[in-house]
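Each chain, written out:
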Amino acid sequence: MDDKQILEIYSSGQTRQAFNLIIRKYGERLYLHIRHMTASHEDADDCMQNTLVKAWEALPGFRGDAGIYTWLYRIATNETINFLRKNKWREFLSPIDIATRLENDPSFNGDKLQAALQRAIAKLPPKQKAVFKMRYYDDMPYEQMAKITGTSESALKASYHFAYNKVKDWVLNFFE
Amino acid sequence: MSNNRMTNKQNILESPKLKESPFRMPEGYLEALEASVGERISKEERSGLSAVLRPAIALVFTFALIFGMGYGVLSLTDTLNKHDSKEDILLVEQGWIKSNFVDHFDMDEDEEAETDSLDEEEIIDYLSGQLSIVEISELYAQVQ
C-alpha cells in the first residue's frame, strides 16, 4: 500500500486504521534510525512513542508534499535530539559502558569493532550524533540534512567533519 | 609510521562492514508499539476533551451556586409574604388574617377606622343641620 492510499483511508475517517498502517509500513526503518542515535532499545522505544504521538497530532495538517517516511524521519530526528539533550545528565551521573550493555543486548548483532563504533558514537553530543548517523549510515546529502535539522549546510559539514574525526580516534583508542 | 597509522584510521571507518546496521528490531515490537501508542493517543484525547469541558463545567457550577445563593436570600426575606394557598387567600379576603407585612403591623389604624364609622343618628344630626325638614322627608321617602 502506498502513501496516497494510506492518506485516502485517513481522509475517509478511518484515522486509527490509517495510522496503524503507517506504523507497520515505516516502523522498522524509523526504529533503526532512532536506535542508531540512542544505542539502547529502551531509549529508542521512548523516542519512537514520542515521535508517533507527535506524528498523530500533526497528521491532520500533513499536506503530503514530502513522503510520509521523510516527514516521520524529520520528527524522529528532532525528537531524539531533544530526548538525548534532556537525558545527557543521566548519562553523566550514572555512566554505563555502552559496549558492555550491547554485548548483552539480543537486538545487537554487531561484532567487537561495531560495538566500539557504537561506544564512540555514544560519546558525541546529541546533534553531532544525529549528523553522524544521517551522513555515515544513510549517506544523506547535506541539503536534505539542512532541511531536517534546520541548520546550514556549512555548519553541518563542519559538524560531521569534527564528529567523524573524533569517532575515528576513539575507535582506534579502544583497540590500542 | 605516522602515515601507516593514518591509513589504518581511515580504513576503520570506511570499512563496508562497519557501515552496516548492527541493530535489529526485537520480535513483536511493532505490535506492542501499536498498542502502547494507541493507548497514549486515547489517553491524551480523553484529557484533551476534559480540558475543553472543564471551564464549561466550572461556569455551570458557578452559575448554579450564584443562582442558589440568590434564591436562598430571596426565600428568606420573602417568607412572610408566602400565603398563597386558597384557604389563606379566603381568610385574607374575610379579614381574618393580614395579607402582608405592612397590614400585619397596621392593626391600630384599622381599629381606629372601624371605630370612626358613622352611625344612623350622627347622619341624621348632620343632615338636619344642613337641610330643611321638607327636604329630609323627601329623601326619607325616596329611600323607603
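Rules and cut-offs
Residues numbered from 1 in each chain as written. Chains lettered and ligands numbered in written order. Predicted model: local features only at pLDDT ≥ 70, side-chain atom pairs only at ≥ 80, totals over all residues. Heavy atoms only, no water. Phe/Tyr/Trp six-rings, centres within 6.5 Å; stacked < 30°, edge-to-face > 60°. Helix = DSSP H or I, 4+ residues; strand = E, 2+ residues; numbered from the N terminus. Buried < 20%, exposed > 50% of the residue type's maximum accessible area, 1.4 Å probe, protein only. Salt bridge = Lys/Arg side-chain N within 4 Å of Asp/Glu carboxyl O. Contact = heavy atoms within 4.5 Å. Buried area = accessible area lost by both parts, 1.4 Å probe. Polar contact = N/O pair within 3.5 Å; in protein donor to acceptor, adjacent residues only side chain to side chain. Nonpolar A, V, L, I, M, F, W, Y, C, P; charged D, E, K, R; others polar.

K.L.:
Which residues make up the packing of aromatic side chains, and what are the values?
P.N.:
This model, assessed by the stated rule, comprises 12 aromatic pairs over all chains. Relative to Y29(B), the ring of Y31(A) has its centre 5.0 Å away and its plane inclined at 50 degrees; by these criteria the two rings are tilted. Of this pair, Y31(A) sits in helix α2 (residues 15-38) while Y29(B) sits in helix α2 (residues 29-77), which puts the two residues in different chains. For the pair Y31(A) and Y29(B), one class covers both residues: buried.

K.L.:
Could you give me a rundown of the pattern of salt bridges, with the residues and numbers involved?
P.N.:
For the coordinates displayed, the defined rule picks out 7 salt bridges over all chains. The closest approach of N and O atoms between K133(A) and D138(A), which form a salt bridge, is 2.7 Å. Its relative accessible area of 32% is what places D138(A) among the partly exposed residues. Here E14(B) makes a salt bridge to K19(B), at a shortest N to O gap of 3.8 Å. We classify E14(B) as partly exposed; its relative accessible area is 42%.

K.L.:
Account for the side chain of E79(A), with residues named and values stated.
P.N.:
Residue and element names in this part refer to chain A. By the secondary structure assignment, E79 is in helix α4 (residues 68-86). Residue class for E79 comes out buried when judged on its relative accessible area of 11%. With near-sequence residues (within four places) excluded, E79 lies in contact with C47, N50, T51 and K54.

K.L.:
Please give an account of the interface of chain A and chain B that cites residues and values.
P.N.:
Contacts between the two partners involve 43 residues from chain A, matched on the other side by 28 residues from chain B. A buried area of about 3400 Å², summed over both sides, lies between chain A and chain B, and 62% of it is on carbon and sulfur atoms. Inspection of the region where chain A meets chain B yields 2 salt bridges. Taken together, the links from chain A to chain B amount to 12 residue pairs in polar contact (both at pLDDT 80 or more). For the side of chain A that touches chain B, the secondary structure elements donating two or more residues are α2, α3 (41-58), α7 (112-122), α8 (126-137) and α10 (153-175) of chain A. A per-element tally of the side of chain A that touches chain B places α2(A) first, with 11 residues. Across the side of chain A that touches chain B, the residue classes break down as 21 nonpolar, 12 polar and 10 charged.

Shape is all these values report; function is a separate question.
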